[in-house]
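# Breakdown of the fold
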Amino acid sequence: MIPQHLKIKGLYSYKTEQEIDFNNLTSASLFGIFGSVGSGKSSVLEAIMFALYGDTERLNKSGDDRYYNMTNLSSDELIIDFTCLAGKEDNKYRFYVRGRRNRRNFKEVNIERKAYQWMDDNWSPITTDDVAERVIGLSYENFRRTVIIPQGNFQEFIELKGKERSEMMKVLFGLEKFDLFEKNKRLIERNTSELNIVDGQLLSLGEETPEVIEQKEHDLKLKREFSKSIDIELQQQRKEEKQQEELLKLFANLSNTTHKLEALKEQEKWFKQRDERLKLYEKCVINFKFLFEQKIAKEVDYKRDKAEAEKNQTVLTQNQQRLQTLLNELNAIKPDYDKREEYLAKAKELSVLKGLNNLDREKNTLQDRITKGKEMLRAKEELIQKLIQDKNIHEQQLEKRKLELKEQKIEQKIDEELLHLKVQKSLQQFADALKDSEPCPLCGSLHHPDVLSSNEDFDTKIRQLTAKKESLRAELELAGKTTKKLGLDIERENVEKTDKFERGLNILTEQLAGFEGQKTSLLNQLSLFHWKDFENTNLEEIEAQRLQIETTHKRIVETFNRLDEEHRKIEGNIKGIEGSQKTLQANLENHAKALELIQQNINNQLKIDGFESDEEVLAILRQNLLIDKERKEIQAFQTDLQATQQAFEQLTKDAEGKQYEPERHTLIQQAIKTNEVRFNELKKEEGSLEKEIENGKENLKNKQRLLADKKRLEIRKDNLDTLYKLFKANGFVDFVSSIYLKNLSHAANERFHRMTRHQLHLEVNADNDFEVRDLLNGGKTRLLKTLSGGQKFQAALSLALALADNIHNRVQSKHNFFFLDEGFGSLDRESLLIVFETLKSLRKENRIVGIISHVDELQQEIQTYLKIENTEDGSKVFPSW
């Protein structure tokens, strides 16, 4: 199996989708996957094994919530997409795993596995049942021991017990073909069964001799001669019996035929009458049936059209009456209908009057709004004037205060006094710090006869003056802010006065001027009404009059249109019915003429055939005879009568001069019966003797054959017993397994010698356990478990490579692939270099080796590798190229 491509998402520490192109790695023959502990290196191998086998080394199938714990806690989806080459022909396979987290149950993750094979330039689905084991040739357990070895399992092969290792060898190398114990056991059981059968058959044969068989053959010859003479006598008697039976049959047939002929002659007259009646019926059917059917059909058509015409006449009368009623109603409503435009004009002018009424109301409302707006504008102007006065007063007061402070130099005096106090404070600090025999920092003198001394609280005075200065500044700043705020208020009020009041009053004034134009336009639309008549009428009364006129107009128009539509419809119906009546009248005349012609044809045919009336013919036709059936029955009777007559004449002729003798016939039958009994008894005795002779000869032959078989089976039993002891308790399989293990250790020693500098040698003991021969200590052997961690790793690596070679040859794969996870941490630098040189030498053997490790020295030595890093977004894959 050679990996080609792997895509991982949502598996363990892999949050985001990561892809690995193995083609660059495998082309280098030796490659690595490196990263710190916990970075996600081993998850790469685990993803491959789960895709192939649906199994994982880290979690159990049950009890560990496998799918939940495999899925990254920050992911709702798990994806493994693995492509590889496998099998003898390097077929391309794809294994796809997808897991989805249940939205309702966070801990429930559903996994789906699929498998495909690349065929005809397309991925074709294949079953996932043991597909990896079939295409790779290895079970999951042996795959992880020989191809991809997970973390912590590298030394599993050398640490297996003898029995477990033999079982593994049995599966890996197909040694089950050497497990012949059960087959040998079945052969022993079958051979024993066959021996018992042979002994039983020999007992059943008895003591048969050639002399007894010879006597039985002589007795058989005598019985055959006696039975032959009886058989000749029986043949003569059966011939005579046959003659008597033929005479009995002849006279019996003659008697039966005579009775049948008499019965048929009694029916002959009645069949002649049936024949005459059938001919008359056929004549009527041929000459009259069609004519009468035509007559009946025409009478039906005549009655149908007559009923339709009477029905139409009734409907026509009703429509004519309704038409006259509609004309009367239309004439009554016509004057109002002609005034319909006048009604519409009145309704329209009433709408104009409503508009004039609304216009007056809106005009009054607008005038009120203009009055209120002017009052509000005056109030706003008064407010602005007051704010201007306040601002001027504050500005004058501020300028006056500034001038006062400037003239009195208050701030300058405060600054001078502060400076004086700070200097005094500093001098006092220097004076307090002076010590005898130490130079003064100001004058350098070592003597200080008159030191400055003061009890004043300089800090308090400084704070008071500073606060006074800040208070003056705050006073001026507050006055400035107040003045500035008043200026902003004046500006805001002016803007509001212009935008809200003056502009609004202008708009309202313009609208008021527009009302007069609208009113003039509406007054010009009046012609039927006068505005003065409605000037004091409220809006509801005008609307009521308008609605009443519109309702009247609608009622008149709808009534007239409905009556007019019905009028046109009934006129159309009347015309249609009148046309239909004309057609029906013409059809009735045609039906009458056709009936008259058909009756003439019937009368003419009655005269020709000699019938008196229609009823006479109809009575014959009403018989409804089945012509074919009647004809067949009459012909069958005539044929039967003729054949019976001929048979009677022939039988009479055959019986002439002959006579049947019943007594003689009975005597012959009795003699035949007696001889048949004697003959059958002799034949039974002959058959019994023949069978005894045949069985005797067969028994002699079988006895000789069974004695030979018994001797052969007894020899085979001795041989099978010997094999039973050899195959018992898997002895032969263990023997073959030990040979394979010895060959495996021999192949492993080629590398193990180089790694240990020819100091250690691998061997297999009698219990199929690995031992080490210490060549530095007199070649003595000791258990493999006594080796150091590094030496044990070297032994395990050598055996794993040798095992991989054997598996590669057995499955006949084109490539030899081997993947190792960790195992290098226990090696010192010198051993690590030896192992690495061994791994590099594998390139020459057409072998691909992958290494997963966190050992820095290996990363420095291997040029083609993947770097796995655990970031905030999960594990990320970084290739070296």
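Residues numbered from 1 in each chain as written. Predicted model: local features only at pLDDT ≥ 70, side-chain atom pairs only at ≥ 80, totals over all residues. Heavy atoms only, no water.

## Some points on unusual backbone geometry
The condition that has to hold: Note on conventions: DSSP H or I runs of at least 4 residues are helices, E runs of at least 2 residues are strands, and numbering of each starts at the N terminus.
For Tyr12, which is not glycine, the phi torsion reads 50° and is therefore positive. Along the polypeptide, Tyr12 turns up in the loop between β1 (2-9) and β2 (18-21).

## A few points about the packing of aromatic side chains
Spelled out, the test is: Pairing of aromatic rings covers Phe, Tyr and the six-membered ring of Trp, with a centre-to-centre limit of 6.5 Å; geometry is then stacked below 30 degrees between planes, edge-to-face above 60, and tilted otherwise. Partly exposed residues are those whose accessible area sits between 20% and 50% of the maximum for their type, while under 20% is buried and over 50% is exposed, using a 1.4 Å probe and protein chains only.
For the structure on display, the rule yields 13 aromatic pairs. Between Phe31 and Phe819, the aromatic rings sit 5.5 Å apart at their centres with planes inclined by 90°, giving edge-to-face as the arrangement. With Phe31 in strand β3 (residues 30-35) and Phe819 in strand β12 (residues 816-821), this residue pair connects regions lying 788 residues apart in the sequence. A single burial state applies to Phe31 and to Phe819, both of which are buried. On the numbers, 6.1 Å between centres and 75° between planes, the contact of Tyr68 with Phe106 is edge-to-face.

## Notes on the sheet that holds strand β9 (residues 760-764)
The condition is simple: Should DSSP find at least two bridges between two strands, the strands are regarded as paired. A fitted line through C-alpha atoms represents every axis, and for helices the fit uses only the stretch in contact; the resulting angles, taken between N-to-C directions, go from 0 to 180 degrees. Throughout, a contact is declared for two residues whenever any of their heavy atoms are within 4.5 Å.
The strand order across the open sheet formed by three strands is β9-β10-β11, and the pairing between neighbours is antiparallel. In this open sheet, the two strands that pair with only one neighbour each are β9 and β11 (780-783). With strand direction ignored, the average angle separating the axes of adjacent strands in the sheet is 35°. Taken together, the four bridges between strand β10 (residues 770-774) and β11 define a ladder with antiparallel strand orientation. The partner of Asp774 across the bridge, within β11, is Lys780. Lying over the sheet, helix α19 (residues 731-755) contacts β9 and β10, oriented at roughly 170° with respect to β9.

## As for the pairing of β9
Alternating positions in β9 separate cleanly, Leu760, Leu762 and Val764 being buried on one face and His761 and Glu763 remaining unburied on the opposite face. As paired elements, β9 and β10 share five bridges and run antiparallel to each other. Its bridge partner being in β10, His761 is matched across the sheet by Arg773. Between the antiparallel neighbours β9 and β10 lie five residues, among them Asn768 with a positive phi of about 60°.

## Some details on the packing of helix α11 (residues 340-408) against helix α15 (residues 539-609)
The test is simple: The cut-offs work like this: below 35 degrees is roughly parallel, past 145 is roughly antiparallel, 65 to 115 is roughly perpendicular, and the gaps in between are oblique. By convention, the crossing between two helices is left-handed when the near helix turns anticlockwise from the far helix through less than a right angle, and right-handed when the turn is clockwise. Under the scheme applied here, ten amino acids are nonpolar (Ala, Val, Leu, Ile, Met, Phe, Trp, Tyr, Cys and Pro), four are charged (Asp, Glu, Lys and Arg), and all others, including Gly, are polar.
It is at 9 Å that the axes of α11 and α15 come closest, and there the two elements cross at 160°. Considered as vectors, α11 and α15 are oriented roughly antiparallel to each other. As for the relative orientation of α11 and α15, their crossing is left-handed in sense. Mapping the contact onto sequence places Arg340, Tyr343, Leu344, Lys346, Ala347, Leu350, Ser351, Leu353, Lys354, Asn357, Asn358 and Arg361 in α11 and Leu539, Ile542, Glu543, Gln545, Arg546, Ile549, Glu550, Thr552, His553, Ile556 and Val557 in α15. The residue makeup of the contact of α11 with α15, split by class, is 10 nonpolar, six polar and seven charged.

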